[in-house]
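# A closer look at the structure
Residue strings, one per chain:
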Amino acid sequence: MDPSNGSYIIYTSRQFTNTLDSELFQTARMSPSSLRYFGIGLKNGMYSVVLQFAEIFFPDDETWKSVGKRIFNIYIQGDLKETDFDIKKQTNGKSYTVIQRQYTVEVMNNFIDIHLFWAGKGTCCIPEQGFYGPSISALSVSSYGSNGEGDSGSQRNSTISRTGLVVGVVVCVAVLGFLAFAGAFVWRQKRRRLEVEMEELFTIVGRPNIFSYGEIKSATDSFSLSNILGRGGYGPVYKGKLLDGRIVAVKQLSSTSHQGKKEFMTEIATISAVQHRNLVKLHGCCIDSKTPLLVYEYLEQGS
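Okay, so let's go over this structure.

Definitions and limits used
- Each chain has its residues counted from 1, running along the sequence as written.
- In keeping with the model being predicted, local features are shown solely for residues with a pLDDT of at least 70 and side-chain atom pairs are shown and tallied solely at 80 or more, while totals for entire chains, interfaces and linings include all residues.
- Neither water nor hydrogens contribute to the side-chain values; these are computed over all heavy atoms in the structure.
- Pairing between two strands requires that DSSP report at least two bridges joining them.
- Strands are runs of DSSP state E lasting at least 2 residues, helices are runs of H or I lasting at least 4, and numbering of each runs from the N terminus.
- Throughout this description, buried means an accessible area under 20% of the type-specific maximum (1.4 Å probe, protein chains only), exposed means over 50%, and partly exposed covers the range between.
- For the purposes of these results, a polar contact is taken to be a pair of N or O atoms within 3.5 Å, where, inside protein, one atom must be able to donate a hydrogen and its partner to accept one; residues adjacent in sequence count only when each atom of the pair is a side-chain atom.
- Working rule for contacts: check all heavy atoms of both residues, and any pair within 4.5 Å makes them a contact.
- The term salt bridge refers to a pairing of a side-chain nitrogen on Lys or Arg with a carboxyl oxygen on Asp or Glu at a separation within 4 Å.

### Here's the deal with the sheet that holds strand β14 (residues 247-252)
Strand order in the open sheet made by the 6 strands is β11-β15-β16-β14-β13-β12, with mixed pairing throughout. Each edge of the open sheet carries a strand with a single partner, namely β11 (209-210) and β12 (228-231). Of the strand pairs in this sheet, strand β15 (residues 282-286) and strand β16 (residues 293-297) are connected by 4 bridges, and their pairing is antiparallel. Pairing of C286 across the sheet is with L293, part of β16.

Below, the structure is given as structure tokens:
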């Protein structure tokens, strides 16, 4: 429920004793449900997020207004940082007292998301309707090293640091080079084995329509459980839609199935060689996935 005056800013003329900038905390932004801040166009890296709060609407005196409670959750980059955060509870029941929370977060996609969310707890009508929910007085986001501070150590320490950096870079390059070589070797071996299997498949059944794993994954919505048509001794069968609009049934070899490559080749050879209106049509297959895939004609009301 929104506040009756339609304002999302609350004010006070009180002075704050535990801060050098009392004026900063004499206003606060609040919302009955959700406050969300976005920082856009940031350089990827580690950032320090500082959130500053002060309860200025619910007093800490003996009046009935003091029984109001403001409770909300704090999310940063979608991660829950604080559950049931209560500003007055953090200040031992005192109002007009500054409390600060600092978090270290990583920016990966050039933006930061700070979300204060009312999860239905606290009071909603005291002292007035619409003045519950999250409230914040100030916030700041700064990247590490942005203040220009550096190491004031001696030249010797600087030299040692540079030497360590060079050694670290050389070692990293060597390790990355080895991993790249090993990865290329494994990839070539896998590719060569795949080419041999493809040639064997072509020898058996000619050249059926060979689908890539990416095509099948996209067609079945990443093998969504909602697309499963059934299961058999071979494995699950998924409904899918190819890029050309054809509706297909994709049979996937189960890792627990007793059927292997030989049975896979036999099924392709048998169905590819026989065409009949009472036989389901084989559109093609895919063997560049972990488990072989057969792509069949989809029957609307048939098994």
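### Observations concerning the side chain of T123
Of note, T123 is situated in the loop between β8 (111-117) and β9 (135-136). Accessibility expressed as a relative area gives 18% for T123, which makes it buried. At 2.9 Å, the side chain of T123 forms a polar contact with the backbone nitrogen of K69. Excluding residues that lie within four positions of it along the chain, T123 makes contacts with F58, V67, G68, K69 and Y132.

### Points about the pairing of β8
Most of β8 sits inside the fold, with 5 of its 7 residues counted as buried. As paired strands, strand β3 (residues 34-40) and β8 are joined by 7 bridges and run antiparallel to one another. Its bridge partner being in β8, G39 is matched across the sheet by I112.

### Considering the pattern of salt bridges
Enumeration according to the criterion identifies 5 salt bridges in this entry. We note a salt bridge from E55 to R70, for which the minimum N-O separation is 2.9 Å. With E55 in the loop between β4 (45-53) and β5 (71-76) and R70 in the loop between β4 and β5, this residue pair connects regions lying 15 residues apart in the sequence. Grouping residues by exposure puts E55 and R70 together as buried. Close ionic contact of K121 with D84 constitutes a salt bridge, the shortest N to O distance being 2.8 Å. Of the two residues, K121 sits in the loop between β8 and β9 while D84 sits in strand β6 (residues 79-86), which places them 37 residues apart along the sequence. Residue K121 is classed as partly exposed on the basis of its relative accessible area of 42%.

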